[in-house]
Amino acid sequence: MLPAIIFIGMILYVIAWNVTGIKLGRLIERFNDARIVATNLLNPDVVTISINGEDKICAWSCMYSYVGDKLAGRPTAGVIRVSDNLLDIIGRVKPQPVPQWKVNLGLAPAGSRPNTFVAGSMIETIAMGLMATLFSTVLAIPVSFFAARNIMERVRGGTVIYYVTRAILNIVRAIDTIVWGLIIIVWVGLGSFAGVIALTIHSVASLGKLFSEEIEHIDPGPVEAVTATGANLLQSIRYAVIPQVIPSFLAYSLLRWDINMRSATIIGFVAGGGIGFFVVETTRMGGYQQYATALWVVVFVIVLVDYISSRWREAILKDQPQKSEVKKPILNTLRLALYVILGVAAFVYCWNITEISIRSMLNPGKNFGQIILDFISIDLSPKVFQTVFQQMLVTIFQAMLATTIGAILALPFSFLAAKNLTGRNRLSAWIYYATRGMFNILRSIEALLYVVIFVFWVGIGPFAGMLALAVTSFALIGKLFSEAIENIESGPIEAVTATGANQLQMIMYAVLPQIVPPFVSYLIYQWDINIRMATIIGFAGGGGIGLTLTTFFGSLQYHKAGTVVAIIVIVVALMDFLSAEVRRKLI
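The rules we used
- Residues numbered from 1 in each chain as written.
- Predicted model: local features only at pLDDT ≥ 70, side-chain atom pairs only at ≥ 80, totals over all residues.
- Heavy atoms only, no water.
- Helix = DSSP H or I, 4+ residues; strand = E, 2+ residues; numbered from the N terminus.
- Polar contact = N/O pair within 3.5 Å; in protein donor to acceptor, adjacent residues only side chain to side chain.
- Contact = heavy atoms within 4.5 Å.
- Phe/Tyr/Trp six-rings, centres within 6.5 Å; stacked < 30°, edge-to-face > 60°.
- Buried < 20%, exposed > 50% of the residue type's maximum accessible area, 1.4 Å probe, protein only.
- Lys NZ or Arg CZ within 6 Å of the ring centre and 35° of its normal.
- Salt bridge = Lys/Arg side-chain N within 4 Å of Asp/Glu carboxyl O.

## Focus on the side chain of lysine 479
Point 1. Here lysine 479 shows up in helix H24 (residues 462-486).
Point 2. A polar contact of 2.6 Å, which involves the side chain of lysine 479, links it to the side chain of glutamate 483.
Point 3. Discounting residues that sit within four places of it in the chain, lysine 479 has contacts with Arg436, Phe439, Asn440 and Arg443.

Right under this line is the structure:
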């Protein structure tokens, strides 16, 4: 049986290698191109130096010379300042027309242009992620109850509603945010608002599924107790269900905020607005140093959001008795009032930045109805179906190779990132923190942003897309593998070490037998994720089904685009089901 599986696997990898168009020679032949990109990425356009009236990018070597001259008291080569590129990303202060509400309140004269902070593309991206998370959480809560079997079984006809809701949620979340963005821009046009809607739609489906699963796993005791008192369904939900799910709902919302922030960095590729649109514009003009600035700002923001959300989730999910404290009602009221004011101010600010317009939602474009009708009238002609099917196979094989390569590279690093192996003493702790830091930085960047780099190196096509997916797979699998190693039982390690075994023997006989099942489970999980991601990397030149989809959208062939989306939904749903079944049997 095992030889047959190995033989079939070898055939599949040979097919995948050829279908994906892998040419390792390009990595060497175009190494100079890669070196140029790497140099630009390591020298972002952050500081500008003005020499004899001419502005130039002041890279690290320039900054080193400037600081050295300053410290030594020597005249500097020029005058430095924050680059316009960085200001475009984080924002700047410049004269802007005074808002009408200030004029109405007499706070400013009509027609004046006071200095005002204008948000940059990264601030816009943060606002998109925040607004999408808020809207999706509010909308997902009622939806989740319709998708919870234990709730709907108590309603006449509720089982039908349950299956319909679950089916809708599965279909909606199978379609990536980028694809939703393409559809939404037909509705409300290009801009940050389209990005917010696309993120919200996908997030509602994802959160609705997670929330409903939490509702299904509640303790039935309180529900039965409340029902026994004569409470109706709504009262049972209010007093027995909601108190049990609030901590989990908050934790999942914070997790979704983390995910939405990552997605918001790339939604601008199709919807416009945010850092994604900035990346498209800069790379189109060959501005890789400007792109590098955006990349490093994205890394900083995503790592910070990841840290904040993980700490908040940890605090929410802690099940510890509260310490008795002296009640300070006035202080607590003031603190609550401050939080409310800050929250309302942030909401209004983000609303304005993302240019949310209810009017544009209620007044879609003239051809919107016809376009949607064309979109759902999928084209199943043999020629179109063959093209879509072939590109879907390319996408699946892309994901398979990327998962394999990422896992092979991540395996040795995962042992270095396991705290119970390398973080136990000061001599090796730096290895642990350096490896974990590398994983966190690499996985904070979406694959679509990596494609931009690899397209410049190996050219447009599935090979570039596969390499981009391999980088994100390396980072995520490495993190998951290291956490699996950290969660192993210490007993076998101590037993093997007591026999005089060295570090390598200890890993071979005490660690590996414990981690093989979760490792295989994580590989399948990552392949599932990569298939979803591979459906969109074609938007940046990564080949596969994403390139086919963007081609159909670009040529206004919406009936053919509908065929692509239908195939994506079927394949992603099938892979989701199969991977879940395999992981369930392994763990």
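Once you've had a look at it, read on.
## Let's talk about the packing of aromatic side chains
Point 1. This structure, assessed with the given rule, holds 16 aromatic pairs.
Point 2. With 6.3 Å between their ring centres and 20° between their planes, tryptophan 257 and tryptophan 312 make a pair best called stacked. In this pair, tryptophan 257 is assigned in helix H13 (residues 233-264) and tryptophan 312 in helix H16 (residues 288-317), connecting sequence segments 55 residues apart.
Point 3. Overall, the relative accessible area of 12% leaves tryptophan 257 in the buried class.
Point 4. Above the plane of the ring of tyrosine 239 lies arginine 238, whose end atom (NZ or CZ) is 4.8 Å from the centre.

## Some words on unusual backbone geometry
Point 1. A positive phi angle, close to 55°, is found at asparagine 52, a residue other than glycine.
Point 2. Residue position: asparagine 52 is located in the loop between strand E1 (47-51) and strand E2 (54-57).
Point 3. Judged by its relative accessible area of 81%, asparagine 52 falls in the exposed class.
Point 4. For glutamate 355, which is not glycine, the phi torsion reads 55° and is therefore positive.
Point 5. By secondary structure assignment, the location of glutamate 355 is in the loop between helix H17 (329-353) and helix H18 (358-362).
Point 6. Classification of glutamate 355 by relative accessible area gives exposed; the value is 57%.

## Quick notes on the pattern of salt bridges
Point 1. The tally for this structure, following the rule as stated, stands at 13 salt bridges.
Point 2. Ionic pairing is found between arginine 262 and aspartate 306, a salt bridge with its closest N-O pair at 4.0 Å. Of the two residues, arginine 262 sits in helix H13 while aspartate 306 sits in helix H16, which places them 44 residues apart along the sequence. Across this residue pair, the class does not change: arginine 262 and aspartate 306 are buried.
Point 3. In this structure, the salt-bridge partner of glutamate 486 is arginine 436, at a minimum N-O distance of 3.3 Å. One end of the pair, glutamate 486, is in helix H24; the other, arginine 436, is in helix H22 (residues 426-443), with 50 residues separating them in the sequence.
Point 4. With a relative accessible area of 26%, glutamate 486 lands in the partly exposed category.
Point 5. The class of arginine 436 is buried, set by a relative accessible area of 15%.
Point 6. When salt bridges that share partners are traced, they join Asp55, Arg81, Asp84, Asp88 and Arg92 into one network.

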